[in-house]
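This is what each chain is made of:
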Amino acid sequence: MHCITTIFLVAGSCSLARAQVADTAKTLKKVTIKALKKQNSFTTATPVQSLNHETLQNISAGSVADAARYFSGVLIKDYGGVGGLKTISVRSLGASHTGIIYDGIPVSDVQTGQIDLSRFSSTFVETLSLHQASIQHSLLPARIYASASALAITTNTFNPVAQKQSWQAGIKAGSFGLWQPFAGIYQPLKKNWILSCNAEAIFSKGDYPFYINNGNFSEKTNRNNSAVQTFQAEANAVKQFKDSSTLQTKIAGYVSERGLPGAVIFFNNRSAQQLWNRDVFVQSRYTKTITTTTALLLSAKYSHTYTRYTDPDFLNNQGGLDNRYKQDELYLSIAANHQLGKDFIVSAAADIAPAWLSANTSGFVKPFRFSNWNNIALNYVQGGWQVNGSLLYTHVSDKTDTGTAAAAKNKFTPTLAVSWKPRAGSPFMLRAFYKVVFRMPTFNDLYYNFIGNSLLKPEYAKQYNAGATYSQHFNTAIKQFSISADAYYNTVKDKIIAVPNQNLFVWTMLNLGTVHIKGLDITTELNGTIFTKLDWFCRIAYTWQQALDVTDPSSPSYKNNIPYTPNNAGSGLVSFSFNNWGAGYNMLFSGTRYTLGENNPYNQLDGWGTQDIFISRALNTQHFKVKIKGALNNISNQHFDVIRYYPMPGRSWSISILLNNS
Amino acid sequence: MKKNAGFLLVVTLLIVCSCKKNDSPAPVVPVVTTGVYVLSEGLFNSNNTTLTYYNFATSTATTDFFASSNGSGLGDTGNDMIIYGGKMYIVMNQSSYLEVADATTAKNIKKIDLKTATAAARQPRYAVAYKNKVLVSSYDGTVAVIDTAALTIDKFITVGANPEQMVVSGSKLYVANSGGLQPVPDSTVSVIDLSTFTEIQKIKVPLGPGSMTADDAGNIYVACIGNYTTVPPRLVKISTASNTIIKTADTAVGKMRFYNGKLYATGGYLGSSKVRALNTTDFTAASSNFVTDGTAIKLPYGITVDDLTGDVYVTDAKDYISSGEVFCFDKTGKKKFSFSVSPGLNPNTVALIRK
């Protein structure tokens with residue numbers, strides 16, 4: 001029971017897991033477990049969407065940012081190219097309200113409050129999932145409850161069912177000078193140890209062609225200063241003890257150097273800005289079932305990030321800007337849950353995270369932040385009902401070397417989620433949730449020289465969601481059909497919005513005040529087998545959304561859409577596999593949106609749509625398997641900007657060869 | 001499967017329909033007679049600098065006048081504009097060039113690049129005219145001397161760090177060296193001899209000089225912003241006869257213009273949100289608000305005075321991210337008219353044109 005609970009960390013509640021195991025007790029192949037995961041993501045009390053490893057490879061997602069665009073309710077702010085900054089905003093709440101979870105432990109950046117998703121390659125990702133409100137599992141660190149939504153990245157480092165060694169190695173080559181070699185090994189050892197490591201490098205010139213359009217004037221040119229070189233590696237050790245408790249430890253490093261091409265400025269094409277990142281972190285999780293009804297989870301992480309930004313054109317008579325930042329964070333968490341009677345699970349968690357930031361800029365205040373999260377949750381399952389309630393207490397206090405630090409904050413924020421099935425085994429389910437979250441102003445918001453404002457208030461968000469899901473098994477042609485529709489209403493108070501300023505790395509904060517967001521997310525997944533051997537899978541997602549600024553009735557932006565929130569957006573993907581062949585098609589589209597709060601035709605940005613296709617062939621030799629894949633991205637060569645004046649690539653191709661053991 | 005194909009078709013149609021903006025009809029370009037041009041700088045790195053023409057006779061504002069005349073826009077962050085000798089000179093800060101256009105049609109005559117040999121932007125800021133030259137200050141610490149006939153750059157004069165506004169007094173040019181991008185702001189005003197076009201002296205002033213104006217008695221006024229923390233803003237009066245400070249006051253001024261014995265001043269980033277008319281002798285104001293009829297200006301940004309009529313033009317940047325507005329007041333502080341420069345953001349310069 002415990003092992004299965006660990007696998008379904010991001011799937012359903014305990015009782016649902018038990019029901020599914022009974023249905024599919026015949027075979028325990030890897031494939032079956034994956035199918036169960038997909039089923040569960042449509043029957044959770046709060047909306048969950050997930051993409052598995054195979055789908056991530058099929059959609060040619062370079063990083064998890066490219067993959068996350070396929071989720072409904074998601075806006076990825078993409079600044080172009082392989083090395084361009086990519087941040088996720090879910091249901092228009094902004095990147096700071098989305099928690100990024102890497103193998104069960106939150107990723108943090110107290111300086112900017114946003115995680116650049118371009119650094120998470122999808123090569124070794126087993127599952128990428130998006131959870132609204134919270135992850136439906138009773139044993140979680142408290143910090144995860146603090147986000148309005150969570151993007152969980154789960155790697156292939158721990159699979160208790162896989163008992164033999166496996167390795168993979170490959171290389172991907174593509175347009176604009178892309179070379180991406182990677183390799184990984186998974187080695188179970190004696191005494192229930194599993195060691196795994198993986199490494200990947202990315203080289204890209206990024207000099208894709210684009211058009212500068214200024215009225216009637218149009219010029220075709222190439223993106224320059226866009227080269228990227230990154231190297232990342234990870235080593236994991238997992239030990240299962242005799243009492244079936246598990247200890248997973250990971251050490252990971254990431255090094256990158258990239259040119260920042262900047263916004264397109266008419267009559268001034270030059271950019272010499274560069275960005276270096278050197279990150280290392282070590283994280284560990286220990287899970288133990290103390291009794292049959294009580295479980296414990298201990299988590300710890302230490303991360304050190306170094307960022308260097310240079311702009312030799314900055315006119316400060318000192319050879320330009322050369323800003324270096326060091327961020328250190330320690331994270332400790334203890335969580336426990338306990339089964340009370342048949343229907344209740346109660347859980348509690350406490351986390352602390354001290355964080356330090358230092359910089360070489362003169363007059364930097366060297367802020368320190370101590371964060372503490374404490375959560376209690378109650379999970380009730382009875383008949384067709386499931387009720388989850390939780391209360392989070394957050395304490396954040398800052399200290400600075402000089403100047404004024406922000407005042408300490410203590411807040412209680414609740415969550416309530418309810419789901420109902422008319423009868424056991426029914427394909428229908430209704431669900432609703434209510435959640436309050438807040439996010440602290442970041443170090444940049446508060447303390448950045450001259451721009452920071454230590455009086456900034458935290459940003460509050462209230463989320464309401466009501467939805468229905470239908471998930472049913474049919475015949476072989478359509479093995480599974482699932483659809484979910486969720487209507488939501490979010491209100492944001494004291495919203496702190498970031499707008500790209502003179503350079504990509506430094507932001508200007510605008511306090512928007514109050515925003516009302518209405519939306520509808522529809523997601524559907526189908527799969528099946530036709531003509532005996534042709535397996536197919538299809539996924540479609542659509543979001544209708546309206547995020548309006550309701551701060552000041554006398555302002556020209558009153559009841560206008562806030563910047564960069566399209567009313568319509570969606571994605572679709574379909575893939576086939578037949579014997580050793582695979583092929584597929586995927587597409588993304590976004591409706592028109594506005595670059596500024598005043599929605600006039602001058603600030604309107606055209607919608608866009610991209611389509612990709614791929615074809616792959618697997619070959620099995622005696623000793624290993626080879627898979628060759630070719631993909632053509634943006635086949636219609638649509639030129640577009642996600643963020644105005646940061647052009648995206650047109651048509652591009654990629655070829656990859658992957659070897660793994662049989 | 002059939003269902004899926006149908007859905008995909010619908011979605012594809014949606015893409016096609018939602019992607020194209022409606023093509024608007026070609027704009028009608030009015031004939032320029034007497035009125036004002038307003039330069040709206042837009043936002044950093046948004047390529048949305050616009051030029052508005054307001055016609056006094058018809059009381060209509062034609063926004064994006066430059067783009068209508070030329071078929072393409074000015075570019076990024078227009079910081080200053082002067083009308084001189086039948087031409088208009090627009091200083092484009094981020095696009096880093098000087099736009100030279102016909103004053104009555106706004107049709108482009110020449111674009112003078114203000115970049116270094118390695119194509120790095122000099123980032124020009126302000127322009128002034130003197131005889132047959134137009135002088136442009138750039139953030140790389142230079143003043144470019146441009147011949148108005150040949151429209152080429154004669155030379156670059158090296159001044160202090162990050163120069164901002166300039167004024168001509170007599171036969172000398174005074175340049176405020178703000179040092180705005182330095183770790184510590186600058187505190188000098190460069191004096192340039194306009195017969196030799198060389199810097200002859202630096203006058204020490206309070207920290208962060210930026211805006212300047214000259215009176216008709218051989219004095220210049222410099223607004224110094226300080227360092228935003230420990231050093232407060234100050235206003236100084238310099239006698240050009242001795243090139244020394246003869247009056248200092250602790251007051252914050254954003255932009256200012258001298259007219260008829262008064263300094264019309266906005267408060268700027270750190271100062272009063274009202275426009276004041278200050279005495280040139282003691283820097284006091286008759287009232288805290290020059291506007292006498294209760295007209296509210298949300299964020300006074302630029303200011304200019306019509307020398308012929310004494311009308312005071314004040315631009316309103318609102319909240320920096322919404323369309324701006326321009327107000328015209330008579331010399332008693334009563335509003336004569338106002339107009340929006342929408343979709344232009346942050347109008348900073350008003351220049352009069354008379355045919």
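All residue numbers refer to position in the chain's written sequence, counted from 1. Key to labels: chains lettered from A, ligands numbered from 1, both in the order written. Totals for whole chains, interfaces and linings use all residues, but because this is a predicted model, local features are given only for residues with pLDDT of at least 70 and pairs of side-chain atoms are given and counted only at 80 or more. To get the side-chain values, all heavy atoms of the structure are used, and hydrogens and water are removed first.

Novice: With reference to specific residues and values, describe the overall build of chain A.
Specialist: Along chain A, the regular secondary structure elements total six helices and 35 strands. Throughout this description, buried means an accessible area under 20% of the type-specific maximum (1.4 Å probe, protein chains only), exposed means over 50%, and partly exposed covers the range between. Sorting the 662 residues of chain A into buried and exposed places 58% on the buried side. Pairs of residues are marked as contacts when any of their non-hydrogen atoms sit within 4.5 Å. Summarising the internal contacts of chain A: among those between residues at least 6 apart in sequence, 63% fall at separations of at least 24. Every accessible area reported is derived by Shrake-Rupley at a probe size of 1.4 Å, with residue values counting cover from the shown protein chains alone. In the form shown here, chain A has an accessible surface area of approximately 26,500 Å², with 60% of it arising from carbon and sulfur atoms. By the criteria applied, helices consist of DSSP H or I runs no shorter than four residues and strands consist of E runs no shorter than two, each listed in order from the N terminus.

Novice: Got a sec to walk through the overall build of chain B? Specific residues and values, please.
Specialist: What chain B contains, in helices and strands, is two helices and 27 strands. C-alpha atoms define the radius of gyration, and 2.2 Å times the number of residues to the power 0.38 defines the globule rule. A globule of 355 residues ought to have a C-alpha radius of gyration of about 20 Å, and chain B, at 22 Å, matches this closely. Taking the principal axes of the C-alpha coordinates as reference, chain B spans close to 85 × 55 × 45 Å. Expressed as a percentage of the 355 residues in chain B, the buried residues total 58%. Considering only contacts within chain B whose residues lie at least 6 apart along the sequence, 44% involve residues at least 24 apart.

Novice: Kindly report on the interface of chain A and chain B, identifying the contributing residues and their values.
Specialist: Listed per partner, the contact involves 48 residues of chain A and 52 residues of chain B. Counting each side, the surface lost to burial between chain A and chain B is near 4,100 Å², with a carbon and sulfur contribution of 59%. Only one rule defines a salt bridge in this text: a Lys or Arg side-chain nitrogen within 4 Å of an Asp or Glu carboxyl oxygen. Linking chain A with chain B are zero salt bridges. Here a polar contact is taken to be a pair of N or O atoms separated by no more than 3.5 Å, where protein atoms must pair a possible hydrogen donor with a possible acceptor and residues adjacent in sequence count only if both atoms sit in side chains. Our count for the chain A to chain B interface comes out at eleven residue pairs in polar contact (both at pLDDT 80 or more). Of all the elements in the fold, those that place two or more residues in the side of chain A that touches chain B are β25 (507-530), β26 (534-549), β28 (581-590) and β31 (608-620) of chain A. Amino acids outside the nonpolar list (Ala, Val, Leu, Ile, Met, Phe, Trp, Tyr, Cys, Pro) and the charged list (Asp, Glu, Lys, Arg) are all regarded as polar, and Gly is one of them. Of the residues in the side of chain A that touches chain B, the class split is 24 nonpolar, 18 polar and six charged. In short, buried area is how much 1.4 Å probe accessible area vanishes from two parts on joining, totalled over both.

Novice: Run through the packing of aromatic side chains, naming residues and quoting values.
Specialist: All names here are of chain A. Two rings from Phe, Tyr or Trp (for Trp, the six-membered ring) form a pair when their centres sit within 6.5 Å of each other. Planes less than 30 degrees apart are called stacked, planes more than 60 degrees apart edge-to-face, and all others tilted. Throughout the structure, instances matching the rule amount to 32 aromatic pairs over all chains. With centroids separated by 4.9 Å and ring planes inclined at 85°, the aromatic side chains of tyrosine 79 and tyrosine 646 adopt a geometry described as edge-to-face. Taken together, the residues tyrosine 79 in the loop between β2 (74-78) and β3 (86-90) and tyrosine 646 in strand β34 (residues 646-647) connect sequence positions 567 residues apart. Side by side, tyrosine 79 and tyrosine 646 carry an identical accessibility label, which is buried.

Novice: Tell me what's going on with the sheet that holds strand β26 (residues 335-345) of chain B, and back it up with residues and numbers.
Specialist: All names here are of chain B. Taken in spatial order, the four strands of this open sheet run β23-β24-β25-β26, and their pairing is antiparallel. The outermost strands of the open sheet, each flanked by one partner alone, are β23 (300-305) and β26. Each neighbouring strand pair of the sheet contributes to a mean axis angle of 20°, computed without reference to strand direction. What makes two strands pair is DSSP finding at least two bridges between them. Two strands pair when backbone bridges link them, and strand β25 (residues 323-329) and β26 are joined in this way by six bridges, in the antiparallel orientation. Its bridge partner being in β26, phenylalanine 327 is matched across the sheet by serine 338. Angles run from 0 to 180 degrees between N-to-C directions of axes, and those axes are lines fitted to C-alpha atoms, restricted for helices to the stretch in contact.

Novice: Go over unusual backbone geometry, please, and point to the residues and values.
Specialist: In this structure, proline 343 of chain B follows serine 342 of chain B across a cis peptide bond, with omega equal to 5°. Within the secondary structure, proline 343 of chain B is located in strand β26. In this structure, phenylalanine 267 of chain A is a non-glycine residue whose phi angle is positive, near 70°. As for its placement among the helices and strands, phenylalanine 267 of chain A is situated in the loop between β14 (246-260) and β15 (273-289). Assessed through its relative accessible area of 31%, phenylalanine 267 of chain A is described here as partly exposed.

Novice: Talk me through the environment of tyrosine 558 of chain A; I want residue IDs and the actual numbers.
Specialist: Topologically, tyrosine 558 of chain A is positioned in the loop between β26 and β27 (568-578). In this structure the C-alpha to C-alpha distance between tyrosine 558 of chain A and valine 125 of chain A, which are 433 residues apart in sequence, comes to 42 Å.

Novice: Requested: an account of the nonpolar core, with residues and values cited.
Specialist: All names here are of chain A. Only buried residues count toward a nonpolar core, which is a set of Ala, Val, Leu, Ile, Met, Phe, Trp, Tyr and Cys residues joined through side-chain atoms within 4.5 Å. Core analysis: the biggest nonpolar cluster contains 45 residues, and Ile88, Leu117, Leu128 and Leu151 have the highest contact counts within it. Among the elements of the structure, α5 (64-68), β2, β3, β4 (98-102), β6 (125-132), β7 (149-155), β11 (209-214) and β33 (641-643) are those that each provide at least two residues to this core. Considering each element in turn, this core owes the most residues, four residues, to α5. Among all residues touching leucine 117, those that are not within four sequence positions of it are Ser63, Val64, Ala65, Ile76, Lys86, Ile88, Ile100 and Leu151. Residues Ile105, Tyr331, Ala335 and Ala349 belong to the second largest nonpolar core, which totals 19 residues.

Novice: Describe in detail a nonpolar patch on the surface, supporting the description with residues and values.
Specialist: Residue and element names in this part refer to chain A. Only residues whose relative accessible area exceeds 30% and that form no salt bridge are eligible for patches; like-charged ones are grouped when within 9 Å, while nonpolar side chains (Val, Leu, Ile, Met, Phe, Trp, Tyr) are grouped when within 5 Å. A surface patch of nonpolar side chains, amounting to about 730 Å² of accessible area, comprises Ile171, Trp179, Phe203, Leu619, Ile628, Trp653, Ile655 and Ile657. Among the elements that make up the nonpolar patch, the one with the highest residue count is strand β35 (residues 652-661) (three residues). Among the secondary structure elements, isoleucine 657 is positioned in strand β35. By relative accessible area, isoleucine 657 is classed as partly exposed at 36%.

Novice: Can you tell me about the sheet that holds strand β21 (residues 262-265) of chain B, naming the residues and giving the values?
Specialist: The strands that make up a sheet pair up through hydrogen bonds in the backbone, lying either parallel or antiparallel. Residues and elements named next belong to chain B. With antiparallel pairing, three strands are arranged side by side in an open sheet as β20-β21-β22. What marks the edges here is a single partner per strand, and that holds for β20 (256-259) and β22 (276-279). Each strand of the sheet is rotated relative to its neighbour by a mean of 30°, with strand direction disregarded. The sheet contact formed by β20 and β21 spans four bridges and is antiparallel. Across the sheet, tyrosine 259 pairs through a bridge with lysine 262, a residue of β21.

Novice: Tell me about the pairing of strand β8 (residues 124-130) of chain B, and name the residues and values.
Specialist: All names here are of chain B. The element β8 is extensively covered by neighbouring structure, given that six of its seven residues are classed as buried. Inspection of the sheet shows β8 paired to strand β9 (residues 133-138) by six bridges, in the antiparallel sense. Within β9, the residue paired with tyrosine 126 across the bridge is serine 137. Hairpin connection from β8 to β9: two residues lie between these consecutive antiparallel strands, with lysine 131 at a positive phi of about 50°.

Novice: Describe the pattern of salt bridges, with residues and values.
Specialist: In the structure shown here, the tally under the stated rule is 28 salt bridges over all chains. Salt-bridge contacts for aspartate 521 of chain A lead to arginine 91 of chain A; the nearest nitrogen and oxygen are separated by 3.2 Å. Of this pair, aspartate 521 of chain A sits in strand β25 while arginine 91 of chain A sits in the loop between β3 and β4, and the two are 430 residues apart along the sequence. Arginine 91 of chain A matches aspartate 521 of chain A in its accessibility class, with the two residues each being buried. Between aspartate 113 of chain B and lysine 115 of chain B there is a salt bridge, with its nearest N and O atoms 2.9 Å apart.

Novice: Account for the confidence of the model for chain B, naming residues and giving values.
Specialist: If pLDDT is low for a region, its predicted coordinates should not be looked at in detail. All names here are of chain B. When the pLDDT values of chain B are averaged, the result is 89; 92% of them are 70 or greater. pLDDT measures the predictor's confidence residue by residue and takes values from 0 up to 100. Mean pLDDT across the secondary structure elements of chain B bottoms out at helix α1 (residues 2-19), with 46, and peaks at strand β10 (residues 142-147), with 97. Low pLDDT, under 50, characterises residues 1-10; the stretch is placed with eight contacts to residues that sit more than four places away or in other chains. Across the whole predicted complex the pTM is 0.88, and at the interface the ipTM reaches 0.88.

Novice: Lay out the side chain of glutamate 99 of chain B with the relevant residues and their values.
Specialist: Residues and elements named next belong to chain B. In this fold, glutamate 99 is placed in strand β6 (residues 97-102). At 2.8 Å, the side chain of glutamate 99 forms a polar contact with the side chain of lysine 111. In contact with glutamate 99, other than residues within four places in its own chain, are Phe66, Leu74, Met88, Tyr89, Ile90, Asn108, Ile109, Lys110 and Lys111.

Novice: Explain the environment of threonine 402 of chain A residue by residue, including any values.
Specialist: All names here are of chain A. Among the secondary structure elements, threonine 402 is positioned in the loop between β20 (385-399) and β21 (409-420). Here threonine 402 falls in the partly exposed class, since its relative accessible area comes to 46%. Distance in space between the C-alpha atoms of threonine 402 and proline 367 is 8.8 Å, their sequence separation being 35 residues.

Novice: Got a sec to walk through the confidence of the model for chain A? Specific residues and values, please.
Specialist: All names here are of chain A. Looking at chain A as a whole, its pLDDT mean stands at 87, while 90% of the residues score no less than 70. Mean pLDDT across the secondary structure elements of chain A bottoms out at helix α1 (residues 2-7), with 32, and peaks at strand β16 (residues 294-311), with 96. Ignoring residues within four places in sequence, the model shows residues 1-39, a span with pLDDT below 50, making 51 contacts including any to other chains. In this model, residues 499-507 is a region of pLDDT below 50 whose contacts with residues beyond four sequence positions or in other chains number 34 contacts.

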